[in-house]
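Geometric and topological summary
Now for the letters of each chain:
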Amino acid sequence: MALRPTAHIVTYGCQMNANDSEVMLAYLEEMGYEWCPEPEDADLVMVNSCCVRKSAEDRAMGRVGELKRVKDQRPTMFIGLTGCMPQQPGRAEEIARQAPHLNLVMGTHNLARFPELALLAKDRATPLVEIAPEPDQLPAFPRGQAPGERVSAWVTILRGCDKRCTYCIVPYVRGREMSRPVDEIVAEVRTLVSQGVREVSLLGQNVNAYGKDRPADGVTFSGLLRRLEEVDGLWRIRYTTSHPRDFTQEMIDTIAASKKVSDHFHLPVQSGANAMLKRMARGYLIDRYLDLVRRVRAAIPEATLTTDLIVGFPGERESDFLETLQLVEELRFDRSYMFMYSPRRGTPAADFPDQVPLSVKQERLARLMEAQDRISLEKNQRLVGRTVEVLVEGPSPKRPEVLTGRSRDNRTVLFPGEPSLTGSLVPVRLVDAHTWTMLGERAS
Ligand code: SAH
Ligand code: SF4
């Protein structure tokens, strides 16, 4: 019997990309491919790229360059590039010129046609470039082999973004908002649960917009959460990302009443200065954000609160930055994802005249990280001694002798234990704290 061809997917960027990679892998399995752990050994490699910041693009192109050396030795190798990077206007042709060893350059809207395009691009000497300007259809979201040991799975609930934050490339590369029908989502979750999944993470650039483009269904994000609450065998529900502007009281109340939805609120604020929020076109000012946090904490006092922050947005003065720093000290986020502003071609902010020098951005980022890391550690330290319920995901990839899992409020907890605990809920006493993780031991 002939050996099956092998495939590998390298994924950069957000969980939406990770989920798209799972969809591609499922297609590849249907096409007869087998997963290959090392990209260098695979017959087919897809690089799923991100372009939200320049550094992400550099990483993806670096990987494409490394793979060229392998292909020089083994010319039958198939290399494809997909994701947000080639979806930027005019960018795909540029990439095809820069990296003629690619077989396929495919945009984000072509996912549903991936099997067909992979076949067409197979034995080409020059890249096949396929970029649809608009999503023509949602992909079928096939699921590959049973997730097996996997206890947690991502489920896309809507694609695209209708907001226009002035720094952000996402609306240009992911298109307009398209929600999946609620019955399809519920059916997918039921299938996953029957395969042993106990936790789902609902994905969208702005999950609170769920359903707005399907008014006939009459199901909002809160409604979707209530539907999923009823799925037997599903223990936990997470979601990301939620835009502070659209976070309604109904959502807070639904989450507070739920036994399954995580107590983790990821509410990207971006800046603590009104002047910046206006120029970013975020659609809220700081008072409204503070009020939202107050209402969340009133409903769920133990809620974990995390955020995204950008430093060095065009026009950011030292005094604006200090307002961000002060907000971090005041709200004491459990964690923050902090970024230097990266100009993205085609977005309004890239053309704002008052760009901030790199050295200033670096210096502000360092100060902000220092404050946040101190607060993260302090907040984790305060939990030492407590017992939390951990959903065990399996042996830690870096330290196989310990298990990794998450608490209900989405903290990563490591503790010594048998791999057979994977997939179960285990009470764990927290014994030590780091900035990003907690260490624990099994409680009786
Ligand atoms: N839809 C999500 C964000 C997706 S991008 C939301 O609105 O919350 C994830 C984060 O990347 C953003 O929250 C922002 O903090 C950061 N980001 C986006 N564009 C950026 C840019 N051009 N430069 C630096 N950071 C950026
Ligand atoms: Fe980008 Fe704003 Fe849309 Fe988030 S809401 S993806 S930051 S445009």
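So, how was this worked out
Residues numbered from 1 in each chain as written. Chains lettered and ligands numbered in written order. Predicted model: local features only at pLDDT ≥ 70, side-chain atom pairs only at ≥ 80, totals over all residues. Heavy atoms only, no water. Helix = DSSP H or I, 4+ residues; strand = E, 2+ residues; numbered from the N terminus. Expected span 1.5 Å × (residues − 1). Buried < 20%, exposed > 50% of the residue type's maximum accessible area, 1.4 Å probe, protein only. Arc of directions from axis to C-beta. Contact = heavy atoms within 4.5 Å. Domains from an automatic or database assignment. Buried area = accessible area lost by both parts, 1.4 Å probe. Salt bridge = Lys/Arg side-chain N within 4 Å of Asp/Glu carboxyl O. Polar contact = N/O pair within 3.5 Å; in protein donor to acceptor, adjacent residues only side chain to side chain. Near = heavy atom within 4 Å. Nonpolar A, V, L, I, M, F, W, Y, C, P; charged D, E, K, R; others polar.

**A word on helix 12 (residues 318–331)**
With 14 residues, helix 12 extends 20 Å between its outermost C-alpha atoms, agreeing within 8% with the 20 Å of an ideal straight helix rising 1.5 Å per residue. Residues Asp320, Phe321, Thr324, Leu325, Leu327, Val328 and Leu331 constitute the buried set of helix 12. Summarising the axial view, the buried residues of helix 12 lie within an arc of 155 degrees, below the 170-degree limit, and thus occupy one face. Residues of helix 12 that are buried in the fold lie against helix 10 (274–280), helix 11 (286–299), strand 13 (304–311) and helix 13 (358–381). Positive backbone phi, at 50 degrees, marks arginine 332, one or two positions downstream of helix 12.

**A word on the domain arrangement of the protein chain**
Each domain of the protein chain was delimited in the assignment, giving domain 1 (6–130), domain 2 (149–262), domain 3 (266–381) and domain 4 (387–442). Computed over C-alpha atoms, the centres of domain 1 and domain 3 are 33 Å apart. Counting residues at the interface gives 8 residues for domain 1, matched by 5 residues for domain 3. When the two sides are added together, the surface that domain 1 and domain 3 hide from each other amounts to roughly 510 Å², 37% of it contributed by carbon and sulfur. It is Arg53, Lys54 and Glu94 in domain 1 that bury the most area against domain 3; as a group they hold 62% of the surface buried on that side. At the surface where domain 1 touches domain 3, the tally comes to 2 salt bridges. Put simply, glutamate 94 and arginine 345 hold a salt bridge, and the shortest N to O gap is 3.5 Å. Applying the counting criterion to the domain 1 and domain 3 interface returns 3 residue pairs in polar contact (both at pLDDT 80 or more).

**Regarding the site of ligand 2**
Lining the immediate environment of ligand 2, one finds Cys161, Lys163, Cys165, Tyr167, Cys168, Val170, Pro171, Gln205, His243 and Arg282. Here the residues of the shell around ligand 2 sort into 6 nonpolar, 2 polar and 2 charged.

**As for the site of ligand 1**
Taken together, the neighbourhood of ligand 1 is formed by 15 residues, with Gln205, Pro268, Gln270, Asp308 and Ser342 sitting nearest. Taking glutamine 270, its side chain carries an N or O atom lying 2.7 Å from an oxygen atom of ligand 1. For the shell around ligand 1, the secondary structure elements donating two or more residues are strand 13 and strand 14 (335–340). For the shell around ligand 1, the per-class residue count stands at 7 nonpolar, 4 polar and 4 charged. Each of domain 2 (149–262) and domain 3 (266–381) gives at least three residues to the shell around ligand 1.

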